[in-house]
Amino acid sequence: MNKLLMTPGPTNVPERVIKKISEGMLHHRTSEYSKIFKELNERLKYVFQTQNPVLTFPSSGTGGLEAAIVNSFSHGDKILAISIGDFGDRFIKIAKAYNLIVDEIKVPWGKAVTIDEIKEKLTDEHKGLIVTHNETSTATVNPIKEIGEFLKNKNVIFIVDAVSSLGGIDIKMDDWGIDVLVTASQKALMSPPGLAFIGVSEKALETAAKSNLPRFYFDFLNAKKFLDKKNPENPYTPAVPLIVGANESLKMIEEEGLENVFLRHKNLANKFREEVKGMGLALFADSNAFSNTVTAINIEDGKASFIKERLEKDYGIIIAGGQGHTKGKLIRVGHMGYVNEEMIDKTLNALKNLI
């Protein structure tokens, strides 16, 4: 039985992308590869909604977050970090691993941060603000646009984890004043895991030139130097098949049109949530902060593990459970990337039989 991935990532990969990956191996120091890599970079700018360079690193999204930290700060810098769930906590752990002084805004799980909370906490001592856009552990979205508007004209590096939102939820890097925007290949971008994509503003590159945190592989300036060549390439051996696949998946997004992609995600998310509420189930996130790429459902009677296991065994549908203190109390269903109404209906019908 072919498994249907309805998790918050990795997500289903289109057959068209798989076929493109299987066409054969390219050498990464050839004009053929450079042409594909150049196409990828232009398409990345399209989905990032930016004129800034977007850097590609072979890593998971977590590697992209670490790259954001080590290129943006120096020893002893103080930053403000916002966490609304497990992945926000992870971002904070990365910052602390490099001995940054981290002031934290910890928001109760299921809620989004407010601008007032940021205004109350942010000071002139803070060199940067780090935040998760779409928190998949709680299916909650932070108000990134409003945060960006508040930070405009402030001497603060604005870093956003958009690993599970970019390509599924509208996020305008340039218009919203984001300096470092991190995502990964395996979520809304419909590709296999293994690539981190990082948009970097001019301000971020200037900061990277001054940063003294240790780095080698994840060096923004070195990656940009190779990107700026007449025939763009990577500093070190890239994940060639993944880049070929990502270029194809981004081409599919381009063909559908970014606004249509966002609308598809919104419509499918709304349909899924309404059907779930119709089953008498409660959603975990606040209604004013719902994610359009993942839904978290309260399962209070201890049936979360049972439902997750039976969906896989009986229906071939993979979903996720809760994380942290919500483990065993939630199920989380992803509806991002290569997903359509038929997949949503199949998941809903199976869930109805198990509730």
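Conventions used here
- Residues numbered from 1 in each chain as written.
- Predicted model: local features only at pLDDT ≥ 70, side-chain atom pairs only at ≥ 80, totals over all residues.
- Heavy atoms only, no water.
- Helix = DSSP H or I, 4+ residues; strand = E, 2+ residues; numbered from the N terminus.
- Buried < 20%, exposed > 50% of the residue type's maximum accessible area, 1.4 Å probe, protein only.
- Contact = heavy atoms within 4.5 Å.
- Lys, Arg positive; Asp, Glu negative; His and termini not counted.
- Charge placed at Lys NZ, Arg CZ, Asp CG, Glu CD.
- Phe/Tyr/Trp six-rings, centres within 6.5 Å; stacked < 30°, edge-to-face > 60°.
- Lys NZ or Arg CZ within 6 Å of the ring centre and 35° of its normal.
- Salt bridge = Lys/Arg side-chain N within 4 Å of Asp/Glu carboxyl O.
- Core = buried A, V, L, I, M, F, W, Y, C linked by side-chain atoms within 4.5 Å.
- Expected span 1.5 Å × (residues − 1).
- Arc of directions from axis to C-beta.
- Polar contact = N/O pair within 3.5 Å; in protein donor to acceptor, adjacent residues only side chain to side chain.
- Pairing = 2+ DSSP bridges.
- Axes fitted to C-alpha atoms, helices over the stretch in contact; angles between N-to-C directions.
- Parallel < 35°, antiparallel > 145°, perpendicular 65-115°, else oblique.
- Left-handed = near helix turned anticlockwise from the far one by under 90°.
- Nonpolar A, V, L, I, M, F, W, Y, C, P; charged D, E, K, R; others polar.
- 1 Å grid on protein atoms, 1.4 Å probe; cavity = no way out; pocket = protein on both sides within 12 Å on 5 of 7 lines; lining within 4 Å.
- Points joined across faces, edges and corners; volume = space filled by probe spheres on them.

In this section: the overall build of the protein chain. Each helix and strand in the protein chain was counted, giving twelve helices and 14 strands. Dimensions of the protein chain, computed from C-alpha atoms along their principal axes, come out at roughly 55 × 55 × 30 Å. The 355 residues of the protein chain split such that 59% are buried. Contacts in the protein chain between residues far apart in sequence, at least 24 positions, make up 72% of those at least 6 positions apart. Positive and negative side-chain charges of the protein chain, numbering 45 and 45 respectively, have mean locations separated by a distance of 3 Å.

As enumerated under the stated definition, the model contains six aromatic pairs in all. Judged by centre distance (5.6 Å) and plane angle (80°), the ring pair of Y217 and F218 falls under edge-to-face. Taking the relative accessible area as the measure of exposure, Y217 reaches 35% and is therefore partly exposed. Every member of this aromatic cluster is reached through a ring pair, and the members are F57, F216, Y217, F218, F220 and Y236. We note K154 situated over the ring of F150; from NZ or CZ to the ring centre the distance is 4.3 Å.

Below, the discussion takes up the pattern of salt bridges. All told, the structure shown has 24 salt bridges when counted by the stated rule. Here E248 and R16 are joined by a salt bridge, their closest N and O atoms 2.6 Å apart. Highlighted residues: E248 in helix α9 (residues 240-256) and R16 in helix α1 (residues 15-21), separated in sequence by 232 residues. Overall, the relative accessible area of 9% leaves E248 in the buried class. With a closest N to O distance of 2.5 Å, K224 and D228 form a salt bridge. Connected through shared salt-bridge partners, K35, E39, R43 and E254 make up one network.

Judged by nonpolar contacts, the single largest core of 85 residues is most densely connected at I69, I118, L129 and F220. If you tally residues by element for this core, the top one is α9, at eight residues. Residue contacts for I69: discarding those within four places in its chain leaves F91, I94, A95, Y98, L100, I130 and L213. Core analysis: the next-biggest nonpolar cluster, separate from the first, contains 24 residues, L281, I331, I344 and L354 among them.

So, on to helix α12 (residues 341-354). Helix length check: α12 (14 residues) gives 20 Å between terminal C-alpha atoms against 20 Å at 1.5 Å per residue, within 8%. For α12, every residue scored as buried is listed here: M343, I344, T347, L348, A350, L351 and L354. Taken end-on, α12 shows its buried residues confined to a sector of 165°, consistent with a single buried face. Residues E342 and N353 are exposed on α12 and point more than 90 degrees away from its buried face. Against β1 (4-5), α10 (258-278), β11 (294-298), α11 (304-315), β12 (317-318) and β14 (330-334) lie the buried residues of α12. For α12, the capping residue at the N-terminal end is N340, with a side-chain oxygen 3.2 Å from the backbone nitrogen of E342.

Okay, the sheet that holds β14 next. Strand order in the open sheet formed by three strands is β11-β14-β13, with antiparallel pairing between adjacent strands. Each end of this open sheet is capped by a strand with a single partner; those strands are β11 and β13 (320-321). When β11 meets β14, the two strands line up antiparallel, connected through five bridges. Residue V294 lies in a different strand from β14, and its bridge partner there is G334.

For any two helices packed against each other, the geometry is given by the interaxial angle and the distance between the axes. Where α10 contacts α12, the two axes come as close as 10 Å, and the packing angle between them is 15°. Between α10 and α12, the angle is such that the two are roughly parallel. Pair α10 / α12 crosses with right-handed handedness. Between α10, through L268, K271, F272, E275 and V276, and α12, the contact on the second element is made entirely by E341, I344, D345, T347, L348, L351 and K352. In terms of residue class, the contact of α10 with α12 is built from six nonpolar, one polar and five charged.

Judged by pairing direction, the sheet is mixed, and its seven strands sit side by side in the order β2-β10-β9-β8-β5-β3-β4 without closing on themselves. Whereas interior strands pair on both sides, the edge strands pair on one side only; in this sheet they are β2 (54-58) and β4 (101-106). The average undirected angle you get between the axes of adjacent strands in this sheet is 20°. The pairing of strand β9 (residues 180-184) with strand β10 (residues 195-200) spans five bridges and is antiparallel. Residue pairing across strands places A184 opposite A196, the latter belonging to β10. This element, helix α6 (residues 144-151), spans β5 (126-132) and β8 (157-161) of the sheet and lies at about 170° to β8. Each of β2, β9 and β10 is contacted by helix α8 (residues 220-227), which is oriented at about 110° to β2, the strand it contacts most.

It is worth spelling out empty space enclosed by the protein at this point. Unoccupied space between atoms shows up once a probe the size of one water molecule is rolled over them. The full count for this structure, using the stated rule, is four cavities of 30 Å³ or more. Taken as a whole, the largest cavity encloses approximately 80 Å³ of empty space. Lining the largest cavity we find T56, F57, P58, Y217, A223, N234, P235, Y236, T237 and P238. For the lining of the largest cavity, the leading source of residues is β2, giving three residues.

By themselves, these figures tell us nothing about what the structure is for.
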